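Listed below, chain by chain, are the residues.
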Amino acid sequence: MVFEEKYRELMKDEKSNRFENCEGLAPVQLISQYGTCWWPWTGSEPDFIQDDSSDDHIPLYNNYNCDIIQQIRCSNDCKVDSRGKQLLDLCISSKLRIVNGRLWGDSSGKFTCIKPTGSSVVDYVVMSEDLLNTTLYFQVSDFISTLSDCHCKLSFGILASYSVERQDLNQNESIFPGKYIWSTKAGQKLCDALTQADAKYNIKNFLDKSFENTSEGIENAVNTCHEIIVNAANKANSLKNLSDEKA
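Being a predicted model, the structure only gives us computed values, none of them experimental.

(A) Geometry of the overall build of the chain. The helix and strand inventory of the chain stands at eight helices and eight strands. Relative to its full complement of 247 residues, the chain shows a buried share of 30%. Considering only contacts in the chain between residues 6 or more positions apart, those separated by 24 or more positions represent 65%. Accessible surface computed for the chain: about 17,200 Å², of which carbon and sulfur atoms make up 53%.

In structure tokens form, the structure reads like this:
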């Protein structure tokens, strides 16, 4: 949201009081609302403060974060205009980085806009330094006239890592029993077991009981339903022996 607000402020047209947008950077709703797009040319100009981390001569605040990424972008388009400079200033002030021409898959900075009058690099993917460090690749696809009037598709992959926290079973939690010996008559036997007097009584009590809408209440409801089904399954089917399963 901060990036969008800053971008709107930079792209504001003082004469018409409208927002002129950059394809690939402005929000989609703004592009569709105002139609006309004004694309910035940034060439391969730096979108960071050069030698920011190695300059020891300027006194800095303790909470100042230096620009870590010092890699110059490559681009097949050398043109730089005023809107491109505005975009570069926005990246520098917000610690954002242009991905084009920087990662594996687009090391040369391929053209993103193909027209009969010439090709250019005016579509960008912009992200923070931290996110750029976890980006695996960036690719500019070949131009397909049936997908766009003149723009190429941009795609990138981000490395995502996560771990599932294992929760140990509580003492009041029961483990589901072993495997049953299933047969063609097992289904009917299970239905018959659920229609017996004790099973019908337990099912009625389960449906009539009001469980609290809390984690403990939901757990009690699940355990009660689980117990009804397991009791019926034990009556209808035989359990496999562990020795038979290993064999």
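(B) Geometry of helix α7 (residues 215–236). Helix length check: α7 (22 residues) gives 32 Å between terminal C-alpha atoms against 32 Å at 1.5 Å per residue, within 8%. Those residues of α7 that are buried are in contact with α5 (186–194) and α6 (197–208).

(C) Structural view of unusual backbone geometry. For Lys 95, which is not glycine, the phi torsion reads 55 degrees and is therefore positive. Assignment of secondary structure puts Lys 95 in the loop between α3 (82–94) and β3 (96–98). When its relative accessible area of 25% is taken as the criterion, Lys 95 is described as partly exposed.

(D) Summary view of the pattern of salt bridges. Under the defined criterion, the tally for this structure stands at five salt bridges. Here Asp 142 ties to Lys 110 by a salt bridge, and the two come within 3.6 Å at their closest N and O atoms. Residue Asp 142 is located in the loop between β7 (135–140) and β8 (154–158), and its partner Lys 110 is located in the loop between β3 and β4 (113–115); the two are separated by 32 residues in the primary sequence. For Lys 110, a relative accessible area of 29% translates into the label partly exposed. Its salt-bridge partner being Asp 198, residue Lys 235 comes within 2.4 Å of it at the nearest N-O pair. Of this pair, Lys 235 sits in helix α7 while Asp 198 sits in helix α6, placing them 37 residues apart in sequence.

(E) A look at α3. Here α3 is 13 residues long and its end C-alpha atoms lie 18 Å apart, about the 18 Å a rise of 1.5 Å per residue gives. The set of residues buried in α3 consists of Arg 83, Gly 84, Leu 87, Leu 88, Leu 90 and Cys 91. Taken down its axis, α3 places every buried residue within 155 degrees of arc, on the same side. Of the residues in α3, the exposed ones pointing more than 90 degrees away from the buried face are Ser 82, Lys 85 and Ser 93. In the stretch just after α3, Lys 95 is the one whose phi turns positive, near 55 degrees.

(F) Focus on the state of the cysteines. Going through the model one piece at a time under the given rule, you end up with zero disulfides. Cysteine Cys 150 remains unbridged, with the sulfur of Cys 113 as its closest cysteine sulfur at 3.6 Å. Overall, Cys 150 belongs to the buried group, its relative accessible area being 5%. Cysteine Cys 152 is unpaired, with the sulfur of Cys 113 as its nearest cysteine sulfur at 7.8 Å.

Reading the values: rules and limits
Residues numbered from 1 in each chain as written. Predicted model: local features only at pLDDT ≥ 70, side-chain atom pairs only at ≥ 80, totals over all residues. Heavy atoms only, no water. Helix = DSSP H or I, 4+ residues; strand = E, 2+ residues; numbered from the N terminus. Buried < 20%, exposed > 50% of the residue type's maximum accessible area, 1.4 Å probe, protein only. Contact = heavy atoms within 4.5 Å. Areas by Shrake-Rupley, 256 points an atom, 1.4 Å probe, with all protein chains shown as cover. Expected span 1.5 Å × (residues − 1). Salt bridge = Lys/Arg side-chain N within 4 Å of Asp/Glu carboxyl O. Arc of directions from axis to C-beta. Disulfide = S-S within 2.5 Å.

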